[in-house]
Amino acid sequence: MSAVIPGDIDILVVGGGTSGAALAGIIARDTDLRVVVLEAGPDYGSLGEGNWPRDVLDATTICRSHQWAYAGLAHPSHTALTGFDRAKVIGGCSAHNGCVALIGHRADYDGWARLGNPGWEWDAVAPAVERAKQALRVRIPGDDEITPWQRRFVAAATAWGIPRSHDMNDPDEDQGVDASPANIFQRMRWNTALAYLDPVRSRPNLTVVGDALVDKVILSGGRAVAVDVVLDGRVQRVHAGRIVLAAGAYESPAILLRSGIGPGEHLRAVGVPVVHELPGVGSNLTDHPGIDIQMDPSPAMAAEMDAFAAEHWAPDEQTLAKVRSRRCTEAFDLHLYAITAQSRATGEWSYRIAIANVEPWGAGSVRLASTRPHDHPLLDHGFLADPEGHDLEVLVDGLEIVNEIVDQAPIAEIFGPGPGAVDRADLAAYARSTVGIYYHPACSCRMGPSSDSGAVVDAGARVHGLDNLYVCDASIFPKIMRANTCLPAVTIAEHLAGRIATG
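The rules behind these values
All residue numbers here refer to positions counted from 1 along the written sequence of the relevant chain. Residue-level local features of this predicted model are given only where pLDDT is at least 70; pairs of side-chain atoms are given and counted only at 80 or more, and the full residue set underlies all totals for whole chains, interfaces and linings. Hydrogens are left out, water is left out, and the side-chain values use all remaining heavy atoms of the structure. The rule for pairing is simple: two strands pair if DSSP sees at least two bridges between them. Here a helix means four or more residues in a row that DSSP labels H or I, a strand means two or more in a row labelled E, and each is numbered from the N terminus. A fitted line through C-alpha atoms represents every axis, and for helices the fit uses only the stretch in contact; the resulting angles, taken between N-to-C directions, go from 0 to 180 degrees. Remark: exposure states derive from per-residue accessible area (1.4 Å probe, protein chains only) relative to the maximum for the residue type, with buried under 20%, exposed over 50%, and partly exposed in between. Residues count as neighbours in contact if any of their non-hydrogen atoms are within 4.5 Å of one another. Nine residue types can take part in a nonpolar core, namely buried Ala, Val, Leu, Ile, Met, Phe, Trp, Tyr and Cys, and a core is a set of them joined through side-chain atoms within 4.5 Å. To pair, rings of Phe, Tyr and Trp, with the six-membered ring standing in for Trp, must have centres within 6.5 Å; the planes then decide the type, stacked if under 30 degrees apart, edge-to-face if over 60, and tilted in the middle. A positively charged side chain is recorded as over a ring if its NZ (Lys) or CZ (Arg) lies within 6 Å of the ring centre. The angle to the ring normal must also be within 35 degrees. Oblique is the label for any angle not under 35 degrees, not over 145, and not in the 65 to 115 range, which are roughly parallel, roughly antiparallel and roughly perpendicular in turn. Each helix crossing is assigned a hand: it is left-handed if the near helix lies turned anticlockwise from the far helix by less than a right angle, otherwise right-handed if that turn is clockwise. Gly falls in the polar group here, along with every residue not listed as nonpolar (Ala, Val, Leu, Ile, Met, Phe, Trp, Tyr, Cys, Pro) or charged (Asp, Glu, Lys, Arg). The term salt bridge refers to a pairing of a side-chain nitrogen on Lys or Arg with a carboxyl oxygen on Asp or Glu at a separation within 4 Å.

> Go over the sheet that holds strand E19 (residues 349-357) with me, naming the residues and quoting the values.
Spatial strand order, E5-E17-E18-E19-E16: five strands in an open sheet with antiparallel pairing. In this open sheet, the two edge strands, each paired with only one partner strand, are strand E5 (176-179) and strand E16 (290-294). Ignoring strand direction, the axes of neighbouring strands in this sheet form an average angle of 20 degrees. Summarising the sheet, E5 and strand E17 (residues 317-323) pair through four bridges and their orientation is antiparallel. Note on E17: the bridge partner recorded for valine 177 is alanine 321.

Structure (structure tokens):
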């Protein structure tokens, strides 16, 4: 049976994921407001209760369970569907990701402020970043923790010319390579449910309800007054003083659209009555387009990895480089990162170098396929869709850089020489055929002033034109930052909690 939902709710948080769990925990800790979290996936309670699945806590590998099972075409030329992984569990994607805890560059947040969002410049956001890092127990792994494959990647990258970083979260650093800061504690993936909900679960003003799928928001007189939620097989209407959507870049816009809040033309086309015209809802869906190269098997590399893994833990994701393409004009625009994985069935190791364009120009959309809450929305990330061809050129530059890095001695001496020069047209064809997500969807309910026709929320995360309705998750990013989005999603909860609590 699900938890009993109290009848008198001050703040209802829809989604107990990366942002939602953090937001609810902060408000419940710092105020006496009655806070309820509705999470579509299971709630495993506190860590001390011993109910958390091992794969969710295991920080050595990406968790593949508890999926929403979204899928779609990553590029119009593709014939096979790509899985758009999103976690359906308390803690959200912070409970199944690679634990890369990056914040991006000062320019990202200063850019948000320039887009009409006062209070979001780096100097204003930095205190929230530090609180988020502390709560998630973010630390930089030591050199002795870096696996042989990732160690060779760092050595080859520095040999190519990328400087060794002292802290990949230096907000002013334009290029660097090192082990990534990580939200890992005692080999556990330290997710936002553990970090923010566990310390306040015993407080009487917090209720967490798992397996609760929210359909839509109910409006009355220009105010959000309730949500309809599917719980225990039936639809219940839950009233609240303030409602915060924190269901992520796919589901927060989908909930708004099912509520009749969004672009009228689309709503009418799918049979949803238009309650509040807001063209930006579901527009501007952005992710970092990514590709990767697979290294050939290497017995010598495998021997090094086996020896290391016998004495140490060996996480899949660990080291990363920030690099500038030839098109870069500010900070950096590429992530290069070394990934390793060991087959549980055969014990064989695989090695990849992934390339992501972290300043994309292309954007897509979230649209409804139907009005049923169990049906997934239609997702178009707009990969490589910018008419200037900028995003494709950045990825091709990334491929050329990686081809040169793998030709450096630390990698070439164990894998053999790199491929050498490859025609850019061939690299472009490879990028188009293999492009996929970096698992960082954002910007689909973006923040901006009311004069911006594409904006959905204001700088305080309140939905334009409506009272008592907020969005607090990666969907409100005005522009995606040059970073993995987990730590920034926690940062916005830290930054907005006081404003949302006071209304």
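> Just give me the short version of the side chain of threonine 286, but keep the residues and values in it.
Secondary-structure assignment places threonine 286 in the loop between strand E15 (283-285) and E16. Its relative accessible area of 6% is what places threonine 286 among the buried residues. Aside from chain neighbours lying at most four places away, what touches threonine 286 is Pro360, Gly362, Ala363, His440, Pro441, Ala442, Cys443 and Ile480.

> Tell me about the nonpolar core, residues and numbers included.
One finds Leu38, Ile243 and Leu469 to be the most contacted residues of the largest nonpolar core, which totals 114 residues. Here the element with the most residues in this core is helix H13 (residues 486-502); it accounts for eight residues. Setting aside residues no more than four positions away along its own chain, leucine 38 makes contact with Ile5, Leu12, Val13, Val14, Gly15, Gly16, Val209, Ala212, Val214, Val227 and Val229. Listed in part, the 54 residues of the second largest apolar core include Ala74, Val230, Ala338 and Leu427.

> Which residues make up the packing of aromatic side chains, and what values go with them?
Inspection of every chain in the model, using the stated rule, returns 12 aromatic pairs. Put simply, the rings of Tyr109, Trp112, Trp120, Trp122 and Phe477 pair up and form one aromatic cluster. The ring of tryptophan 190 carries arginine 137 above its face, with NZ or CZ at 4.5 Å from the centroid.

> Describe the packing of helix H4 (residues 122-135) against H13, and please don't skip the residues or the numbers.
The relative placement of two packed helices comes down to the angle between their axes together with the axis-to-axis distance. Their axes nearest at 8 Å, the elements H4 and H13 cross at an angle of 115 degrees. Looking at the two axes, H4 sits roughly perpendicular to H13. For the pair H4 and H13, the sense of crossing is right-handed. On the side of H4, the interface is formed by Ala124, Val125, Ala128, Val129, Arg131, Ala132 and Lys133, while H13 contributes Leu487, Val490, Thr491, Glu494 and His495. Taken together, the residues of the contact of H4 with H13 sort by class into seven nonpolar, two polar and three charged.

> Residues and numbers for the pattern of salt bridges, please.
Note on pairing: side chains with opposite charge can pair once their charged atoms come close. Summed over the entire model, instances satisfying the criterion amount to 35 salt bridges. A salt bridge links aspartate 10 to arginine 34; its shortest N-O distance comes to 3.4 Å. Residue aspartate 10 is located in the segment before strand E1 (11-14), and its partner arginine 34 is located in the loop between helix H1 (18-30) and strand E2 (35-38); the two are separated by 24 residues in the primary sequence. Judged by its relative accessible area of 35%, arginine 34 falls in the partly exposed class.

> Tell me about unusual backbone geometry, and please be specific about residues and values.
Look at asparagine 284: it is not a glycine, yet its phi comes out positive at around 65 degrees. Mapped onto the fold, asparagine 284 is located in strand E15. Look at asparagine 284 and you get partly exposed, because its relative accessible area is 26%. Of note, alanine 331 is a non-glycine position whose phi angle comes to about 60 degrees, a positive value. Looking at the secondary structure, you find alanine 331 in the loop between E17 and strand E18 (334-342). Residue class for alanine 331 comes out buried when judged on its relative accessible area of 4%.

> Which residues make up the pairing of strand E9 (residues 213-220), and what values go with them?
The pairing of E9 with strand E10 (residues 223-231) spans seven bridges and is antiparallel. For leucine 219, the partnering residue across the bridge sits in E10 and is alanine 224. Counted along the chain from E9 to the antiparallel partner E10, the turn is two residues long, and its residue glycine 221 has a positive phi close to 60 degrees.

> Could you give an account of the sheet that holds E9, naming the residues involved and the relevant values?
Taken in spatial order, the three strands of this open sheet run E9-E10-E11, and their pairing is antiparallel. Lying at the two open borders of the sheet, with one neighbouring strand each, are E9 and strand E11 (234-239). Within the sheet, the average angular offset between the axes of one strand and its neighbour, ignoring direction, is 25 degrees. Across six bridges, the pairing between E10 and E11 is antiparallel. By the bridge assignment for E11, valine 229 is matched with glutamine 236.

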